[in-house]
Amino acid sequence: MKKLHLIFLLSILTSLCYSSQQQGRLMMELVDDWKFNAGILSNLPISSQYDDSAWLKISLPHTWNNLDAQDGGDNYQRTVGWYRKVINWSSDFADKQVFLEFLGANMQAECFVNGTSVGSHKGGYTAFRFDLTDKLIKGKNILAIKIDNRFSEEIAPLSGDFSFFGGIYRKLSLIIADKVHVDLLDNGASGLYLTPSKISSKSADLEIRSTIVNESNEAKQVKLVAVLRHPDRFNAIEEIPNPDFIISNMMPGGSGIWTLTETVTIPPKSSYVFRKTINVNNPHLWNGKKDPYRYEVDFSVFSNDKLLDNIVDHVGFRTISATKNGFFLNGNLYPLRGVNRHQDRKDIGNAISEKEHNEDFGLIYNMGANAIRLAHYPQDPYFYDLCDRYGLVIWAEIPFVNNVGNDPEFGNTTKNQLKELIRQQYNRPSICFWGLQNEVRGEYDAKMRTLMSELNTLAHREDSTRFTVQATNHKTANNWASDLMAWNTYPGWYGNGTLK
């Protein structure tokens, strides 16, 4: 694909709370009754005997930099933070798989259950899960989580014009699933992948793909059911009282269009990939702010008529293209006019709630923007959903900014962050661009030719339906692979508004 050079215009509950329940699986949001300590400890606080009585009592989401990292400088606490909590055994855990789901913890995390590590994760802006099943005991379970936001040559970003707030700053939940369930260890993704293709106003194909795992010790015969339907609800936010579309048109009644079924036997400790394609006549297109119509896909796993697992997601049918004349949505020129958005707030840091997300989104939407660059890192799934619902085109990107790490693992962790971003946000019609880097310096040209080629190839292997893009302020980046190029020029700010 010929690289296009574009100018991107910048403008200004209880301690164990049942937060949501899908039939077949249970989610418990872990909010209250946490103990916290910031600092490097010589004695790891992971056992039940550890005395944390002097620690600070906190609730999640949380960051220890909400007050000291507001000015964008480097003089804020980059250290290790420890979180501890008692989880009492529940009958809900019996004969189930129990996972701990992080939506965001910056920049490294390691989790311990009853003194034993259950996993670690590098990267501060994507979701990840750990399987706790084999480490939970009847009685009290000690959950200890180490979060580290210190500088590391392995993990992007190494620098940036934003603060790297430490902490468990997005939702943290337990997921209790049947032994047979949609894969929950696939890079933090939902496990349901929806791929539209051959899209026109007359017809569209939709591939529905999911991996089902059987963690039991015996073969299981399961019935897999996928339903495509029109939605019967629209979750409006009060910050947008007068959207550019009629809300009732977004929820015509919940009627089903297609139902796919398949019965298979999954061997013990094995998995099965469901992959089916359907054709939709006269699809209602997702058409930006004027008509952000989405269909609902309901995927269920049954055994002997018992519902074991269920995933519900949305899909939008739309086409995108880009030429020297601009960006096109559904074949029509669609000039992108928007802003960049960071996720932090004064005195809150990046441990913000849906209230702050709604306020930000309302301001952006009501000023007339039709696009957002979510800079410079993956943001909360809730904000992507707002963009889907209200029709804003999104540039989503990984936190690869300014510098390339000297550690050999830097490239691997950067590629892993890209894979996580794409898989976790794969189904979103609002996302049209995967951002690969922002203003990495030209002095890294030799390394970047290789790494950008690898990132670009990875993005297209994971998702062939969207563009890759990079943002730069120098011409050396012409050597670096991507579909599109965004030139950052800042007249009156730095660089005299010229490209070097």
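Here the structure is shown first, and the text comes after it.
Residues numbered from 1 in each chain as written. Predicted model: local features only at pLDDT ≥ 70, side-chain atom pairs only at ≥ 80, totals over all residues. Heavy atoms only, no water.

Trainee: Help me understand the overall build of the protein in this model?
Mentor: In terms of regular secondary structure, the protein is built from four helices and 31 strands. Computed over the C-alpha atoms, the radius of gyration of the protein is 23 Å, within 12% of the 23 Å expected from 2.2 N^0.38 for a compact globule of 500 residues. The principal-axis extent of the C-alpha atoms belonging to the protein is close to 65 × 55 × 45 Å. When each of the 500 residues of the protein is scored for burial, the buried share is 57%. For the protein, the exposed surface amounts to about 21100 Å²; the carbon and sulfur share of it is 47%. Of note, the protein has its 53 positive side-chain charges centred 4 Å away from the centre of its 56 negative side-chain charges. (Helix = DSSP H or I, 4+ residues; strand = E, 2+ residues; numbered from the N terminus. Rg over C-alpha atoms; globule rule 2.2 N^0.38 Å. Buried < 20%, exposed > 50% of the residue type's maximum accessible area, 1.4 Å probe, protein only. Areas by Shrake-Rupley, 256 points an atom, 1.4 Å probe, with all protein chains shown as cover. Lys, Arg positive; Asp, Glu negative; His and termini not counted. Charge placed at Lys NZ, Arg CZ, Asp CG, Glu CD.)

Trainee: Can you walk me through the sheet that holds strand β24 (residues 326–329) in this structure?
Mentor: Within a sheet, each strand pairs with its neighbour through backbone hydrogen bonds, oriented either parallel or antiparallel. Spatial ordering of the open sheet is given by β23-β24-β25, a layout of three strands whose pairing is antiparallel. The sheet terminates laterally at β23 (320–323) and β25 (332–333), the two strands that pair on one side only. Note: β24 against β25, two bridges, orientation antiparallel. Note that in β25 the partner of Phe328 across the bridge is Leu333. (Pairing = 2+ DSSP bridges.)

Trainee: What is the right way to read the nonpolar core from this model?
Mentor: The tendency in soluble globular proteins is for nonpolar side chains to be buried side by side. Leu206, Ile208, Phe299, Val301, Phe361, Ile372 and Phe400 are the most contacted members of the largest nonpolar core, which has 77 residues in total. Those residues in contact with Ile372, other than ones at most four positions away along the chain, are Val339, Arg341, Phe361, Ile364, Phe383, Cys387, Leu392, Val393, Ile394 and Trp395. Membership of the second largest hydrophobic core comes to 30 residues, among which are Trp34, Phe102, Ala109 and Phe130. (Core = buried A, V, L, I, M, F, W, Y, C linked by side-chain atoms within 4.5 Å. Contact = heavy atoms within 4.5 Å.)

Trainee: Looking at this structure, how should I read the packing of helix α3 (residues 410–424) against helix α4 (residues 445–462)?
Mentor: Two numbers describe a pair of packed helices, the interaxial angle and the distance between the axes. With their axes 10 Å apart at the nearest point, α3 and α4 run at an angle of 25° to one another. Between α3 and α4, the crossing angle belongs to the class labelled roughly parallel. Crossing angle aside, the handedness with which α3 passes α4 is right-handed. From α3, Phe410, Gly411, Thr414, Lys415, Leu418, Lys419, Ile422 and Arg423 reach across to α4, where they touch Leu451, Glu454, Leu455, Leu458, Ala459 and Glu462. (Axes fitted to C-alpha atoms, helices over the stretch in contact; angles between N-to-C directions. Parallel < 35°, antiparallel > 145°, perpendicular 65-115°, else oblique. Left-handed = near helix turned anticlockwise from the far one by under 90°.)

Trainee: Explanation requested: the side chain of Ser300 in the structure shown.
Mentor: Tracing the chain through its elements places Ser300 in strand β21 (residues 295–303). Looking at Ser300, the relative accessible area reads 8%, which means it is buried. Of note is the side chain of Ser300, whose polar atom sits 2.8 Å from the side chain of Asn310. When residues no more than four places from it in sequence are discounted, the contact partners of Ser300 are Lys223, Leu224, Val225, Leu307, Asp309 and Asn310. (Polar contact = N/O pair within 3.5 Å; in protein donor to acceptor, adjacent residues only side chain to side chain.)

Trainee: I would appreciate a short explanation of the sheet that holds strand β16 (residues 220–229) in the present structure.
Mentor: What the four strands build is an open sheet, ordered β17-β16-β21-β22; its pairing is antiparallel. Both edges of this open sheet fall to β17 (256–266) and β22 (306–315), since each of them pairs with a single strand only. Neighbour-to-neighbour, the strand axes of the sheet open up by a mean angle of 15°, direction not taken into account. Two strands pair when backbone bridges link them, and β16 and β21 are joined in this way by seven bridges, in the antiparallel orientation. Bridge pairing in β21 links Leu228 to Val297.

Trainee: Which parts of the structure should I look at to understand the pairing of strand β7 (residues 97–102)?
Mentor: Side-chain direction in a regular strand flips from residue to residue, so the side chains alternate between the two faces of the sheet. Counting buried residues along β7, six of its six residues qualify, which places the element largely inside the surrounding structure. Residues Gln97, Phe99 and Glu101 line one face of β7 and the alternating positions Val98, Leu100 and Phe102 line the opposite face, and both faces are buried. In this structure, β7 lies alongside strand β12 (residues 172–177), joined through six bridges in antiparallel fashion. In the strand pairing of β12, Val98 is matched with Ile176. Pairing geometry for β7 and strand β10 (residues 128–131), over four bridges, is antiparallel. Among the inter-strand pairings, Glu101 is bridged to a residue of β10, identified as Arg129.

Trainee: Which parts of the structure should I look at to understand the packing of helix α1 (residues 354–366) against helix α2 (residues 381–390)?
Mentor: Running from amino to carboxyl end, α1 crosses α2 at an angle of 35°, the nearest separation of the two axes being 10 Å. Note that α1 runs across α2; the crossing there is right-handed. Across the interface between the two elements, Glu354, His357, Asn358, Asp360, Phe361, Ile364 and Tyr365 from α1 touch Tyr382, Phe383, Leu386, Cys387 and Tyr390 from α2. Of the residues that constitute the contact of α1 with α2, the class distribution is eight nonpolar, two polar and two charged. (Nonpolar A, V, L, I, M, F, W, Y, C, P; charged D, E, K, R; others polar.)

Trainee: Is there a simple way to think about the environment of Ala127 in this case?
Mentor: Residue position: Ala127 is located in the loop between β9 (116–122) and β10. Each C-alpha atom, one on Ala127 and one on Phe234, is 25 Å from the other, the two residues being 107 residues apart in sequence. In contact with Ala127, not counting residues within four places along its chain, are Phe102, Leu103, Asn187, Gly188, Glu420 and Gln424.

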